[in-house]
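# Structure assessment
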Amino acid sequence: MLGDKKVSYSAMQSTGTLTLGNYLGALDNWLKMQEEYECFYAIADLHSLTIRQNPAELRKRARDLYTLYVAAGLDPEKNCIYFQSHVSAHAELAWLLNCFTYMGELNRMTQFKDKAAKHSDNINAGLFTYPALMAADILLYQADVVPVGLDQKQHLELTRDIANRFNGIYGDVFTIPEPLIGKSTAKIMSLQDPSRKMSKSDENPNASILLMDDPDTIIRKFKRAVTDSDMEIRYSDEKPGIQNLINIYSCITGKTVEEVEKEFDGKGYGDFKMAVGETVADRLRPLQDRFYELQKDKTYLNGVIKENDEKAAYFANKTLRKVQKKVGLTERIR
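Read on for an overview of the structure. (Residues numbered from 1 in each chain as written. Predicted model: local features only at pLDDT ≥ 70, side-chain atom pairs only at ≥ 80, totals over all residues. Heavy atoms only, no water.)

## Brief notes about the overall build of the protein chain
Scanning the protein chain for helices and strands turns up twelve helices and five strands. Taking 334 residues into account, the globule formula puts the C-alpha radius of gyration at 20 Å, and the protein chain, at 21 Å, falls close to it. Summarising its shape, the C-alpha atoms of the protein chain cover approximately 75 × 45 × 40 Å along the three principal directions. By residue count, 49% of the 334 residues in the protein chain fall in the buried class. By sequence separation, contacts in the protein chain at least 24 residues apart represent 75% of the contacts at least 6 residues apart. (Helix = DSSP H or I, 4+ residues; strand = E, 2+ residues; numbered from the N terminus. Rg over C-alpha atoms; globule rule 2.2 N^0.38 Å. Buried < 20%, exposed > 50% of the residue type's maximum accessible area, 1.4 Å probe, protein only. Contact = heavy atoms within 4.5 Å.)

## Quick word on the pattern of salt bridges
Counted by the stated rule, this structure contains 19 salt bridges. A salt bridge links K60 to D64, with the shortest nitrogen-to-oxygen separation between them at 2.7 Å. Taken together, the residues span about one helical turn, with K60 and D64 both in helix 2 (residues 55–72) at a distance of four residues. In this structure, E105 engages R165 in a salt bridge whose closest nitrogen and oxygen atoms are separated by 2.6 Å. Of the two residues, E105 sits in helix 4 (residues 103–107) while R165 sits in helix 7 (residues 150–170), which places them 60 residues apart along the sequence. (Salt bridge = Lys/Arg side-chain N within 4 Å of Asp/Glu carboxyl O.)

## Quick word on the side chain of H47
Mapping H47 onto the fold places it in the loop between strand 2 (38–44) and helix 2. Ignoring anything within four residues of it in the chain, the contact list for H47 reads Q13, Q84, Y130, L133, M134 and D137.

## Quick look at the environment of A207
Mapped onto the elements of the fold, A207 is located in the loop between strand 5 (178–180) and helix 8 (215–223). Sequence spacing of A207 and R196 is eleven residues, and the spatial spacing of their C-alpha atoms is 9.8 Å. Non-local contacts of A207, meaning those with residues more than four positions away in its chain, are made with S190, L191, Q192, M198 and D202.

## A word on a positive patch on the surface
Positive charge collects at one region of the surface, where K318, R321, K322, K325, K326 and R334 lie side by side. For R321, the location among the structural elements is in helix 12 (residues 298–327). Judged by its relative accessible area of 37%, R321 is partly exposed. (Patch = residues over 30% accessible without salt bridge, like charges linked within 9 Å, V, L, I, M, F, W, Y side chains within 5 Å. Areas by Shrake-Rupley, 256 points an atom, 1.4 Å probe, with all protein chains shown as cover. Lys, Arg positive; Asp, Glu negative; His and termini not counted. Charge placed at Lys NZ, Arg CZ, Asp CG, Glu CD.)

## Some remarks on the nonpolar core
In this structure, L27, Y69, F222 and V280 are the most contacted members of the largest nonpolar core, which totals 57 residues. A per-element tally of this core places helix 11 (residues 269–296) first, with ten residues. Excluding residues that lie within four positions of it along the chain, Y69 makes contacts with A11, M12, L27, W30, Y41, A42, I43, L74 and I81. Counting 41 residues, the second-largest nonpolar core is a separate cluster that includes I138, A312, A313 and A316. (Core = buried A, V, L, I, M, F, W, Y, C linked by side-chain atoms within 4.5 Å.)

## Comments concerning the packing of helix 2 against helix 11
The N-to-C vectors of helix 2 and helix 11 enclose an angle of 125 degrees; their axes lie 8 Å apart at closest approach. With respect to helix 11, the axis of helix 2 lies oblique. Viewed along their axes, helix 2 and helix 11 form a crossing whose handedness is right-handed. Taken together, the residues of helix 11 that come into contact with helix 2 (itself represented by D64, T67, L68, V70, A71 and A72) are L287, R290, F291, L294 and Q295. Tallied by class, residues from the contact of helix 2 with helix 11 come to seven nonpolar, two polar and two charged. (Axes fitted to C-alpha atoms, helices over the stretch in contact; angles between N-to-C directions. Parallel < 35°, antiparallel > 145°, perpendicular 65-115°, else oblique. Left-handed = near helix turned anticlockwise from the far one by under 90°. Nonpolar A, V, L, I, M, F, W, Y, C, P; charged D, E, K, R; others polar.)

## Considerations on the packing of aromatic side chains
In the structure shown here, the tally under the stated rule is 16 aromatic pairs. When the centroid spacing of 5.7 Å and the interplanar angle of 10 degrees are considered together, the rings of Y9 and Y141 count as stacked. In this pair, Y9 is assigned in strand 1 (residues 7–13) and Y141 in the loop between helix 6 (125–140) and strand 4 (145–147), connecting sequence segments 132 residues apart. Given a relative accessible area of 2%, Y141 falls into the buried group. (Phe/Tyr/Trp six-rings, centres within 6.5 Å; stacked < 30°, edge-to-face > 60°.)

## Concerning unusual backbone geometry
Residues other than glycine seldom take positive phi values, yet Q142 does so here, at roughly 50 degrees. Summarising the element assignment, Q142 is placed in the loop between helix 6 and strand 4. At M231, a position not held by glycine, the phi torsion is positive, near 65 degrees. When you line up the elements, M231 lands in the loop between helix 8 and helix 9 (240–253).

## What to know about the pairing of strand 2
Extensive coverage of strand 2 is indicated by the burial of seven of its seven residues. Burial along strand 2 is two-sided: E38, F40, A42 and A44 and C39, Y41 and I43, pointing in opposite directions, are all buried. Alignment of strand 1 against strand 2, held across seven bridges, turns out to be parallel. Each bridged residue has a counterpart across the sheet, and for A11 the counterpart in strand 2 is A42. The parallel pair strand 2 and strand 3 (residues 80–83), bridged by helix 2, forms a crossover whose chirality is right-handed. (Pairing = 2+ DSSP bridges. Right-handed = clockwise from strand over helix to strand, strands pointing away.)

## Notes on the pairing of strand 3
Residue alternation in strand 3 divides its side chains into two sets, C80 and Y82 and I81 and F83, and both sets are buried. Here strand 2 pairs with strand 3 via four bridges, running parallel. Bridge pairing in strand 3 places Y41 opposite I81.

Spelled out as structure tokens, the structure:
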């Protein structure tokens, strides 16, 4: 790893089950990047701890998320796919970066405000300093680019500020990461409230298509999707439910909005919802089959995890040692 290609860093939290929105908005784009970039893909299980977790469920979800990464087509030979908590350099660098991050900067983070409001009984220090750990995640691997959505852009801007601040004091230690805005991918919205993004934490089970939903469940959820009363399959901001279904069908089939409108011209919402549901179920079936195969092959998966954890630790520790030396910490005797 790490030849002439630029380095990309991405991660997902191991809370909940991935949705169709996660797949089309992130995972599917990651698959296209693995030929062009040296990619690090993390299971962000340390980040998950800012909210109280059931330990057994967290372990299972983290392992399942890793399995989904591989089942979706991320190659553990070409990429470094690892557990964040298995590389202690993340926590160590996060503490050091905390000392170069200002309270005012953390106070301005909109995600902290949102999560603090949502979990008012557990506003912990980890929730507040979360962006410093995210900065450590990215900077440890000298990432050139970070694929980001709108909800993470503010965190990446802070990461850049912290890295520039540190480099200004100690020289060129960190690569300054650039946001990577992929080719325009429509945001996948809730099937029950198309004004909100599809979320794995949605309390309404009909709002989200989960990657491991069986075909009958997928089709049933699409049949119940909120639409409108005029029965015309047309892409319009005035028809957010239909707009969302067109976006999903377009993403899965590769057809343009105009082609989708033409295909379903004169047809009813029932036919359209059924077609979207069947298309999504067909797209997810190979991923699901591969997931169950990998689950059974624990020897293979354990070997891949061990090898990739070690690979991640090697690169992370190179950066960590450089930072420790720069700030004046006593060098370890090896």
